[in-house]
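Secondary and tertiary structure notes
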Amino acid sequence: MSRYLRTWEFALAVLLVVEILVLGAINPTFYDPENLLYATLDFMHILFAALPLTLVIITAGIDISGVSVMGLASITLGLAWVAGINVFLAAGIALLVGALAGLFNGLLVAKTDVNPLVITLGTLFMFGGLAQGMPALLDFLGFKAYGSAGLAAYQYEGITGLPEAFIALTEGTLGIVPVPLLLVLAFALVLGVLLHRTRFGRYLYLIGDNPEAARYSGVPIVRALIYAYVLSALGAALAGVMLTSYMTSARADLGGDALLPIITAVVLGGADILGGSGTILGTLLAGAMLGYLRQGLLALGVTNDLIQVVVGAILIAAMATKQLAHAWGERRLKRRALAKRERR
Amino acid sequence: MRRWLSSREALVTGLLVLLILITGLINPNVLKFRSLVEVVNASLSLLLITLGEMFVILTRGIDVSVGSTAGLAAVVLGLSLNLGWPLSLAILAALATGLVAGALNAVGITLLRVPPIIMTLGTLGIYRGLMRILTGGSWIENLPQNIKALHLWHFLGVPFFVWGTLLVLALTAYLTWRARPARYFYAVGDNPEGAYFLGLPVRPTQFAAYTLAGLFAALAAVVFTSQIGFVSMNAAEGYELKAIAANVVGGVSLTGGVGTPLGAAVGALFMTAVHSMLIFLGVPGIWDNALAGVILLLVVYLDYHVRRTLEYRRRQARIQGEAAWEAEGGPS
């Protein structure tokens, strides 16, 4: 039992509860369970993208192209719908495009020795630019590429007028639990089983911890890495689709400012940026903590800019505490070992 | 001579010349002296940020906060000018802001041991947030004429800022080539443990790298504030990513210890020239980012291919050499 109490995830869970208690004490409307559940809608896209990114970071990689994939998926959905395709089929196409984007990332990362940061930086620009340029390109080629209001309106408000059935996707509830939250939890469950209960999951940890050992023990590194990057991009595409439904419009720049909170959630969740450690539960809890913090502060009238400062400071403080605690623990271990030797 | 020709600097310079010549075939206006100067002029702020970022990357680090640092420095410059401070004092305040912002990153990374990407990702948000808090979210306009006049100074038909940046570039190039402390950046990045055991000041060198990145970002802030004439809240947003891309294109390796200021500068020039050439070709600006991404990926992929081929040849030569040696009787 005490083994569980000492984990980082338990500390995060305690922090999450304390945070909600404190924010609720200042602002009692925060306590309303329905309110708490609905607040998740505002940060579900962070969770959708951060959960599978955990897998990538465990392999000592990184994927910063996710925010572009969100926009790409959103605009793909919108354009496919404008072209006359059923909106849910269009969402499927958007997810497929997301998976293909992940395949592109994964192939480049797995088949070359180029730093994943450089590759996903390149694809961040590429996918983002593609998302921005696609409507204009289709227009240039003579296709109808935006809503009835014309190109100017598109640039201002995105593709609007999506069917009610699709908008209802993020408005629906099961009991009092919003459907998107259930989807996030289901996604987390699938990823959790994949990471913590399958051989594939073990491979990811080994690749991150010791790539040489992974290679010599016959781990299918290329395939495992490709799956990790595909899942990461798929999560981002899912985030883009859900956000499109929530915002009721398809835009190329959707989720553009989500990069910082996404990576913060994963790192705060306990994943080591140098690879080899991290859990799905940790990312889920850290993401929820950050999301509620943001909600609570906004409700208190704190501006978005100050929240950005606070989130940045939390990220640094959490990391610094962890690193210093680690260094301190190492030193204590060494000292103990020395003392033992002297006693002999 | 052959070594110089096969260097990344030469490759990217060649690509740059090719790019300009091809654009020139379609739109001869590009090849006019004034257009070329304008292309260089447009690349100055990215070039300066890229140079600062280079020091960090040389030490095997990464700094994604330089864009926000430049934005913050620009806000300090604008606010102090509008308070009526003399130009020189306002510029000094901006440079000090960059220096402090960089030093703060350095403290987190070298003393608190926060991994560079996490530390600078945190300050990316913090500096951008601070910048908006300082101004209340509105743009800084109505800057006094003296700052705008700076970029109008010309010498031999070339803006003063171009000369200034060239001077800074020449200085960094000379120092990293000749000065002993500047060589530490390479040693620390190539092999941190080795550098430590040699008695080199590893942590002070890393500290200096992040501080320099902040200072160069502030220099860039002075340049673009003068050129644009106002400070928007999105000033220099995304420059951190472009600076990293420019470094990689210019041959500064993210694994540390490899790269030159000249390469970084050519990389930055290349990244901006692509945008400028698209304008000359009449391609809509929304394609800038997509093309920048494609170029970055293309360059690193080509580089990977060349390296792998060279490595393969070296191995083949070694195997053949060993075979010949064994045929002659092997070890005696």
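Everything quoted here is computed from the prediction, not taken from an experiment.

**Topic: the overall build of chain A**
Secondary structure summary: chain A contains 16 helices and 2 strands in total. With the C-alpha coordinates of chain A rotated into their principal frame, the extents come out at 85 × 55 × 35 Å. Counted over contacts in chain A with a minimum sequence separation of 6, partners at least 24 positions apart contribute 76%.

**Observations regarding the overall build of chain B**
For chain B, the helix and strand inventory stands at 14 helices and 2 strands. Reported as C-alpha extents along the three principal axes, the dimensions of chain B are approximately 85 × 55 × 35 Å. Here chain B holds 332 residues, and the buried ones make up 48% of them. Within chain B, contacts between residues separated by at least 24 positions form 77% of all contacts whose residues are at least 6 apart in sequence.

**Section: the interface of chain B and chain A**
Taken residue by residue, the interface counts 40 residues in chain B and 38 residues in chain A. Contributions of two or more residues to the side of chain B that touches chain A are made by helix H6 (116-135), helix H12 (239-249) and helix H14 (288-327) of chain B. With 14 residues, H6 of chain B is the single largest residue contributor to the side of chain B that touches chain A.

**What about the domain arrangement of chain A?**
Residues and elements named next belong to chain A. As far as domains go, chain A holds domain 1 (2-302) and domain 2 (303-344). Inter-centroid distance (C-alpha atoms) of domain 1 to domain 2 is 29 Å. Taken residue by residue, the interface counts 10 residues in domain 1 and 8 residues in domain 2. For the side of domain 1 that touches domain 2, the secondary-structure elements that each account for two or more residues are helix H14 (259-268) and helix H15 (280-299). Looking at the side of domain 1 that touches domain 2 element by element, the count peaks at 5 residues for H14. Tallied by class, residues from the side of domain 1 that touches domain 2 come to 8 nonpolar, 1 polar and 1 charged.

**A closer look at the confidence of the model for chain B**
All names here are of chain B. The pLDDT averaged across chain B works out to 85; a share of 97% of its residues lies at or above 70. By mean pLDDT, the top-scoring element of chain B is helix H5 (residues 87-111) (92), and the lowest-scoring one is helix H1 (residues 2-5) (55). As a predicted assembly, this complex carries a pTM of 0.88 together with an ipTM value of 0.84.

**Let's talk about the nonpolar core**
For soluble globular proteins, nonpolar side chains are generally found buried alongside one another. If you look at the biggest cluster of nonpolar residues, it comprises 207 residues, and the most contacted ones within it are Ala70, Ala221 and Leu296 of chain B. Look past the residues within four positions of Ala70 of chain B in its chain and what remains in contact with it is Ile49, Ala217, Ala218, Ala220, Ala221, Ala235, Ala236 and Tyr239 of chain B.

**Describing the domain arrangement of chain B**
Residues and elements named next belong to chain B. One can read the domain layout of chain B as domain 1 (2-283) and domain 2 (291-332). Between the C-alpha centres of domain 1 and domain 2 the distance comes to 34 Å. Of the residues in the side of domain 1 that touches domain 2, the class split is 6 nonpolar, no polar and no charged.

**Considerations on helix H4 (residues 44-58) of chain A**
Each α-helix winds once per 3.6 residues, and so residues spaced three or four apart point in a common direction. All names here are of chain A. Here H4 spans 22 Å end to end across 15 residues, near enough to the 21 Å set by a 1.5 Å rise per residue. Roughly 25 degrees is the biggest bend found in H4, and it falls at Pro52. In terms of residue burial, H4 counts as a mostly covered element, since 15 of its 15 residues are buried. Backbone geometry just downstream of H4 places Ala60 in the positive-phi region, at approximately 70 degrees.

**Digging into the packing of helix H9 (residues 180-190) of chain B against helix H11 (residues 202-228) of chain B**
Residues and elements named next belong to chain B. One way to put it is that H9 packs onto H11 with a least axis distance of 10 Å and a crossing angle of 110 degrees. Judged by the inter-axis angle, H9 sits roughly perpendicular to H11. Residues Tyr184, Phe185 and Val188 of H9 form the contact with H11, whose own contacting residues are Val202, Thr205, Gln206 and Ala209. A class-by-class count of the residues in the contact of H9 with H11 yields 5 nonpolar, 2 polar and no charged.

**Examining unusual backbone geometry**
A positive phi angle, close to 70 degrees, is found at Ala60 of chain A, a residue other than glycine. Secondary-structure assignment places Ala60 of chain A in the loop between H4 and helix H5 (66-82). Backbone geometry places Arg60 of chain B, a non-glycine residue, at a positive phi of 70 degrees. Tracing the chain through its elements places Arg60 of chain B in the loop between helix H3 (33-58) and helix H4 (66-82).

**Focus on the environment of Leu21 of chain B**
In this structure, Leu21 of chain B sits in helix H2 (residues 8-26). As for Leu21 of chain B and Leu31 of chain B, which are separated by 10 residues in sequence, their C-alpha atoms are 7.6 Å apart.

**Some details on the packing of H4 of chain A against helix H10 (residues 179-197) of chain A**
Residue and element names in this part refer to chain A. Interaxial distance between H4 and H10 falls to 10 Å at its minimum, and their mutual angle equals 5 degrees. By the angle class used here, H4 and H10 are roughly parallel. Here H4 contributes Met44, Leu47, Phe48, Leu51, Pro52 and Leu55 to the contact with H10, which in turn contributes Pro180, Leu181, Val184, Phe187, Ala188, Leu191 and Leu195. By residue class, the composition of the contact of H4 with H10 is 13 nonpolar, no polar and no charged.

**Structural notes on the environment of Ile57 of chain B**
Residues and elements named next belong to chain B. Note that Ile57 resides in helix H3. The class of Ile57 is buried, set by 29 C-beta atoms lying within 10 Å. Sequence separation between Ile57 and Tyr210 is 153 residues, and the spatial gap between their C-alpha atoms is 9.6 Å. When neighbours within four sequence positions are excluded, Ile57 is seen to be in contact with Ile62, Asn247, Val252, Leu254 and Gly259.

About the cut-offs
- Residues numbered from 1 in each chain as written.
- Chains lettered and ligands numbered in written order.
- Predicted model: local features only at pLDDT ≥ 70, side-chain atom pairs only at ≥ 80, totals over all residues.
- Helix = DSSP H or I, 4+ residues; strand = E, 2+ residues; numbered from the N terminus.
- Contact = placed C-beta atoms within 7 Å.
- Buried ≥ 20, exposed ≤ 12 C-beta atoms within 10 Å, placed from the backbone.
- Domains from an automatic or database assignment.
- Nonpolar A, V, L, I, M, F, W, Y, C, P; charged D, E, K, R; others polar.
- pLDDT = per-residue confidence, 0-100.
- Core = buried A, V, L, I, M, F, W, Y, C linked by C-beta atoms within 7 Å.
- Expected span 1.5 Å × (residues − 1).
- Bend = angle between axes of the 7 residues up to and from the residue.
- Axes fitted to C-alpha atoms, helices over the stretch in contact; angles between N-to-C directions.
- Parallel < 35°, antiparallel > 145°, perpendicular 65-115°, else oblique.

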